[in-house]
Amino acid sequence: MGESWPIVATMISSPSASGPAISLQNVRRTYGAITAVDDISLEIGAGSFVALVGLSGSGKSTLLKMINRLTDPTAGEVLIADDNVKAIDPHILRRRIGYVFQNIGLFPHMTISRNIAIGLELAGEKEGRSERVAELLELVELPQEMATRMPHQLSGGQQQRVGVARALATRPGLMLMDEPFGALDPVTRDSLAGQYKALHDKLGLTTIIVTHDMAEALYLADRILVMEDGQIKADATPAELLSGDVGDEAEALVAVPRAQAAHLIALSKKDGAKKA
């Protein structure tokens, strides 16, 4: 097993850093008679931004959680930078992986500073915590004075920024995101998604995001995996998905944002005609 995975060496100035590659080999996850993930083999290159999309119950979150061992495969192997995750203590594994999810999960009795630094605290890093918190607040574009506030004093969008900062605190090269912007209003969601994309590029991360929003996937990811019944039904770039040549499952998902866009254009033209 390798010594360590690639990590982001300096939080703000490391665009050449690259997150680890990921390999899933004949991965399967069952719950009794139910098959959540059905014999998936998949290679994800270092530095990729991959979106997992599909209807509820398609296996997206289960697949994501097998990477950081929140769920173990019933069969098959998951490798990160050639290291089999089964050979790594789950607590150590998760310190190497940033994880952001919809409900954020900030500790309500802790200040924002301690929420961000909790991973460093658990890892036994005693030096430079306050400096790291300041750096991370800058990275996610939050004012430094927020370090002393409590979670309830922040808006939903600000809390999610703290969640991203906390996930980055231990300098992971890999970020897993499960509907991270789903609970936010559309304007905040769009803004925060775009800012995370910029962070992904700046820090050279490998990112895998689960989302129900195909428009969000098309906007953020360089590769989109469409799941149905625990299987990957399409594996394509955003441009390939929009071409309509990657299967019925993908086309059904792409049809939603395409129809919404067409409806907005039609409304705009109608409104313009009235004013004329």
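Whatever comes next refers back to the structure up there.
Residues numbered from 1 in each chain as written. Predicted model: local features only at pLDDT ≥ 70, side-chain atom pairs only at ≥ 80, totals over all residues. Heavy atoms only, no water.

Q: Mind showing me how you'd approach the pairing of strand S1 (residues 22-31) here?
A: Regular strands show a simple pattern: their side chains alternate between the two faces of the sheet. Here S1 runs beside strand S2 (residues 34-44); their pairing, made up of 7 bridges, is antiparallel. Within the sheet, the bridge partner assigned to Ile22 lies in S2 and is Ile44. What sits between the antiparallel neighbours S1 and S2 is a turn of 2 residues, in which Gly32 has the positive phi angle 65°. Pairing of S1 with strand S4 (residues 75-80) involves 5 bridges; the strand directions are antiparallel. Looking at S4, one finds that Ile22 is bridged to Ile80. (Pairing = 2+ DSSP bridges. Helix = DSSP H or I, 4+ residues; strand = E, 2+ residues; numbered from the N terminus.)

Q: Please explain the packing of helix H3 (residues 112-122) against helix H5 (residues 156-168) as it appears in this structure.
A: Axes are the key here: two packed helices are described by the angle between their axes and the distance separating the axes. Axis separation between H3 and H5 bottoms out at 7 Å; the angle between their running directions is 30°. Two packed elements cross with a definite hand, and for H3 against H5 that hand is right-handed. Counting all contacts with H3, which are made through Ile112, Asn115, Ile116 and Ile118, the residues of H5 involved are Val162, Ala165 and Arg166. (Axes fitted to C-alpha atoms, helices over the stretch in contact; angles between N-to-C directions. Left-handed = near helix turned anticlockwise from the far one by under 90°. Contact = heavy atoms within 4.5 Å.)

Q: What is the right way to read unusual backbone geometry from this model?
A: Outside of glycine, negative phi angles account for most residues, and trans bonds account for most peptide bonds. Notably, Asp82 is not glycine yet its phi reads approximately 75°, a positive angle. Its location among the elements puts Asp82 in the loop between S4 and strand S5 (83-84). A relative accessible area of 70% places Asp82 in the exposed class. Unusually for a residue other than glycine, Glu179 sits at a positive phi of about 45°. (Buried < 20%, exposed > 50% of the residue type's maximum accessible area, 1.4 Å probe, protein only.)

Q: Before we go on, may I ask you to explain the pattern of salt bridges in this structure?
A: It is possible for side chains bearing opposite charge to pair when their charged atoms get close. All chains considered together, the criterion is met by 8 salt bridges. In this structure, Arg28 engages Asp38 in a salt bridge whose closest nitrogen and oxygen atoms are separated by 2.7 Å. Taken as a pair, Arg28 in strand S1 and Asp38 in strand S2 lie far apart in primary sequence, 10 residues in all. Arg189 is the partner of Asp213 in a salt bridge, and the nearest nitrogen-oxygen pair spans 3.8 Å. Linking Asp213 in the loop between strand S8 (206-210) and helix H7 (214-220) with Arg189 in helix H6 (residues 186-203), this pair joins segments that are 24 residues apart in sequence. Linked by salt bridges that have partners in common, Arg189, Asp213 and Glu216 make up one network. (Salt bridge = Lys/Arg side-chain N within 4 Å of Asp/Glu carboxyl O.)

Q: Would you mind showing me how to read helix H4 (residues 129-139) here?
A: Counting along an α-helix, one turn takes 3.6 residues, and residues three or four places apart therefore face a common direction. Inspection of H4 places Arg132, Val133, Leu136, Leu137 and Leu139 among the buried residues, and these make up the whole buried set. Here the buried residues of H4 occupy an arc of 155° about the axis, which is enough to place them on one side. Away from the buried face of H4 by more than 90 degrees, exposed residues Ser130, Glu131 and Glu138 are located. Buried residues along H4 sit in contact with H3, H5 and H6. (Arc of directions from axis to C-beta.)

Q: Can you walk me through the nonpolar core in this structure?
A: Nonpolar side chains tend to gather and get buried jointly when the protein is soluble and globular. Counting residues in hydrophobic clusters, the biggest one holds 46 residues, and the most contacted among them are Ile116, Leu168, Phe181, Tyr196 and Ile224. Among residues more than four places away in sequence, those in contact with Phe181 are Gln160, Arg189, Leu192, Ala193, Tyr196, Ile209, Glu216 and Leu220. (Core = buried A, V, L, I, M, F, W, Y, C linked by side-chain atoms within 4.5 Å.)

Q: I would appreciate a short explanation of the sheet that holds S5 in the present structure.
A: The strands that make up a sheet are held in pairs by hydrogen bonds between backbone atoms, and each pair lies either parallel or antiparallel. The strand order across the open sheet built from 4 strands is S2-S1-S4-S5, with neighbouring strands paired in antiparallel fashion. Looking at strand neighbours, the two that pair on one side only are S2 and S5, the edges of this open sheet. Together, S1, S2 and S4 form the strand contacts of helix H1 (residues 60-67), whose direction differs from that of S1 by roughly 120°.

Q: What exactly am I supposed to notice about the pairing of S4 here?
A: Pairing of S4 with S5, which is carried by 2 bridges, proceeds in the antiparallel orientation. Residue pairing across strands places Ile80 opposite Asp83, the latter belonging to S5. Following S4, the chain reverses through 2 residues before pairing antiparallel with S5; Ala81 in that reversal takes a positive phi of roughly 50°.

Q: Whenever I open this one, the packing of aromatic side chains confuses me. Can you help?
A: Any pair of aromatic rings gets described here by the distance separating the centres and the angle formed by the planes. The full count for this structure, using the stated rule, is 2 aromatic pairs. Arranged with centres 5.4 Å apart and planes meeting at 40°, the rings of Tyr99 and Phe101 form a pair that is tilted. The ring centre of Tyr31 lies 4.3 Å from the NZ or CZ of Arg29, which sits over that ring. (Phe/Tyr/Trp six-rings, centres within 6.5 Å; stacked < 30°, edge-to-face > 60°. Lys NZ or Arg CZ within 6 Å of the ring centre and 35° of its normal.)

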